[in-house]
Amino acid sequence: MMNNLSKEQKKFLESKKKHKRVVSISQFLILCCFLFLWEYTANIGILDSFIFSSPSRISLCFLELLSEGVITEHILVTLFETIISFLLVILISIVFTILLWLSPKLSEVLDPYLVVLNSLPKSALAPLLIVWLGANEKTIIVAGMSVAIFGSILSLYTSFSIVDPEKIKLIYTLQGNRFHVLTKVILPCSIPAIINIMKVNIGLCLVGVVIGEFLAAKRGLGYLIIYSSQVFKMNWLLLGIVLLCIMAIFLYTLINLLDRWCKKRF
């Protein structure tokens, strides 16, 4: 296929690949430099190794907890709760936004309430959720959902509202109804917005789940972090934070793969 391209096109594609390689190598080098400086300064005493730990100590701590089978359970619990809350947020957001689109009067009535709920600090809701639902996984999942769902609905409704009106008019001209408009125009045109919302929500749901685990969990990375801070096991605490970073990267990468698949498919 490359043989059919002109020299200018090949040159452009090569420059794009070179740019991606430079970015990837730069990102890797920044990470390596950060880890090296962290390890070096902790070893020579510039940083207090008890408070800040070091990459080598965190790695040894991970291997120790992995051999004991402790860390795997915490990772899987947090991952499960994050994925469930994320999927529920996307499903409920799409269904609720469709209802708002079908009833403009309802959207006008509920708009200020959605704005207020989206602005409310979600950490303030966590203690209330514990009272209502108890200290269990259900509470943690709902806490994860509460961080993302209201902003998701507002963003998705905005996407529904700015769809090209000429396309909608064409459906009605061809004797279509609102169901056809929704399935043939609104939802397909909103796929990029849904993917972007998913990219934001996966991180927000993880944040909400960790907040819930701080207060209502006996398992999970959030519980590991809050427990280790109370008993001054800083290696455990920093390990939990590092694992959360890795989990966030992993989940975001999955959404990026879905984004690429949708672009090829649609």
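(A) Up close: helix α11 (residues 221-230). Restricting attention to buried positions, one finds in α11 the residues Leu221, Gly222, Leu224, Ile225 and Ser228. The arc enclosing the buried residues of α11, seen along the axis, measures out at 160°, which places them on a common side. The secondary structure elements touched by the buried residues of α11 are α4 (70-102), α10 (191-216) and α12 (234-265). Just past α11, the residue Phe232 takes up positive phi, approximately 60°.

(B) Quick peek at the environment of Ile130. Note on placement: Ile130 falls in helix α6 (residues 126-133). Spatially, the C-alpha atoms of Ile130 and Ile30 are 41 Å apart, while their sequence positions differ by 100 residues. For Ile130, the residues in contact, after removing those within four places along its chain, are Ala135, Thr139, Leu215 and Ala216.

(C) Local environment of a nonpolar patch on the surface. A cluster of nonpolar side chains, contributed by Leu88, Leu91, Ile92, Val95, Leu99, Leu102 and Leu106, occupies part of the molecular surface with about 550 Å² of accessible area. Looking at the nonpolar patch element by element, the count peaks at six residues for α4. Residue placement: Leu91 occurs in helix α4.

(D) Local environment of the packing of α10 against α11. It is the contact of α10 with α11, at a shortest axis distance of 7 Å, that shows an interaxial angle of 50°. Classed by the angle they form, the pair α10 and α11 counts as oblique. Taken as a pair, α10 and α11 cross one another with a handedness that is right-handed. Across from Val210, Glu213 and Phe214 in α10, the residues of α11 making contact are Leu221, Gly222, Tyr223, Ile225 and Ile226. For the contact of α10 with α11, a count of residues per class yields six nonpolar, one polar and one charged.

(E) Structural detail: the side chain of Ser49. Tracing the backbone shows Ser49 in helix α2 (residues 49-52). Among the polar contacts listed, one links the side chain of Ser49 to the side chain of Arg57, at a separation of 3.5 Å. Here Ser49 is in contact with Ala42 and Arg57, once residues within four sequence places are set aside.

(F) Region of the structure containing the state of the cysteines. In the structure shown here, the tally under the stated rule is zero disulfides. Unpaired in terms of disulfides, Cys33 finds its nearest cysteine sulfur in Cys32, a separation of 7.0 Å. Looking at the unpaired Cys189, the closest cysteine sulfur is the one in Cys262, lying at 14 Å. Given the relative accessible area of 31%, Cys189 is considered partly exposed.

So, how was this worked out
- Residues numbered from 1 in each chain as written.
- Predicted model: local features only at pLDDT ≥ 70, side-chain atom pairs only at ≥ 80, totals over all residues.
- Heavy atoms only, no water.
- Buried < 20%, exposed > 50% of the residue type's maximum accessible area, 1.4 Å probe, protein only.
- Helix = DSSP H or I, 4+ residues; strand = E, 2+ residues; numbered from the N terminus.
- Arc of directions from axis to C-beta.
- Contact = heavy atoms within 4.5 Å.
- Patch = residues over 30% accessible without salt bridge, like charges linked within 9 Å, V, L, I, M, F, W, Y side chains within 5 Å.
- Areas by Shrake-Rupley, 256 points an atom, 1.4 Å probe, with all protein chains shown as cover.
- Salt bridge = Lys/Arg side-chain N within 4 Å of Asp/Glu carboxyl O.
- Axes fitted to C-alpha atoms, helices over the stretch in contact; angles between N-to-C directions.
- Parallel < 35°, antiparallel > 145°, perpendicular 65-115°, else oblique.
- Left-handed = near helix turned anticlockwise from the far one by under 90°.
- Nonpolar A, V, L, I, M, F, W, Y, C, P; charged D, E, K, R; others polar.
- Polar contact = N/O pair within 3.5 Å; in protein donor to acceptor, adjacent residues only side chain to side chain.
- Disulfide = S-S within 2.5 Å.

Everything listed is a geometric property; what it means functionally is a separate question.
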